[in-house]
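Structural overview
What follows is the residue order along each chain.
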Amino acid sequence: MQGRERDGNLLRGSLEFLLLASLEGGALYGLRIIQDVQNRTGGHFSFKEGTLYPALHRLEKRGLIRAEVQPSDVGGPPRKYYHLTDSGVRELHRQRDAQRAHAAALRPFLEFA
């Protein structure tokens, strides 16, 4: 992560969920995934390609996403776009439920201060 100091454990514990959720709206390529996560989290989660691509490869190997090479929309070399598979959609829903339960369990501790 970059920018303000953050606990890297929060990103590691949320990265897979963030990537799957980012692809829920449609196929994206690497830089757009990074930008989507940054924008949707107000910059709270920010990571570099060295974190992104190994995670995408793990998701692809598990059959949760698939990659498709397409011509660049601005010229230049082709880009690899990532799509959720049906298994990926099911996993995203499972992880979203788990994230909600986790947030609900933490709520009493967050509101104490």
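The structure reproduced in this document is the subject of the present report. The shown structure was predicted, so the numbers you read here are calculated from the model rather than taken from an experiment.

Cut-offs applied
- Residues numbered from 1 in each chain as written.
- Predicted model: local features only at pLDDT ≥ 70, side-chain atom pairs only at ≥ 80, totals over all residues.
- Heavy atoms only, no water.
- Pairing = 2+ DSSP bridges.
- Helix = DSSP H or I, 4+ residues; strand = E, 2+ residues; numbered from the N terminus.
- Contact = heavy atoms within 4.5 Å.
- Axes fitted to C-alpha atoms, helices over the stretch in contact; angles between N-to-C directions.
- 1 Å grid on protein atoms, 1.4 Å probe; cavity = no way out; pocket = protein on both sides within 12 Å on 5 of 7 lines; lining within 4 Å.
- Points joined across faces, edges and corners; volume = space filled by probe spheres on them.
- Nonpolar A, V, L, I, M, F, W, Y, C, P; charged D, E, K, R; others polar.

Concerning the sheet that holds strand β2 (residues 65-70)
Across the sheet, which stays open at both edges, the three strands sit in the order β1-β3-β2 with antiparallel pairing between neighbours. The two strands at the open ends of the sheet, each matched to only one other strand, are β1 (28-29) and β2. Both β1 and strand β3 (residues 79-84) contribute to a ladder of two bridges, which runs antiparallel. Following the sheet pairing, L28 is matched in β3 by Y82. Here helix α3 (residues 49-61) sits on the sheet and contacts β2 and β3; the angle it forms with β2, its principal contact strand, is near 115°.

Focus on the layout of surface pockets
Counted as a void, the largest pocket has a volume near 190 Å³. Contributing to the lining of the largest pocket are F17, L18, A21, S22, D36, V37, R40, T41, H44, F45 and R96. Those elements that provide at least two residues to the lining of the largest pocket are α1 (8-23) and α2 (30-40). Broken down by element, the lining of the largest pocket gets its largest block of residues, four residues, from α1. Residues of the lining of the largest pocket, tallied by class, amount to five nonpolar, three polar and three charged.

Structural measurements only, silent on function.
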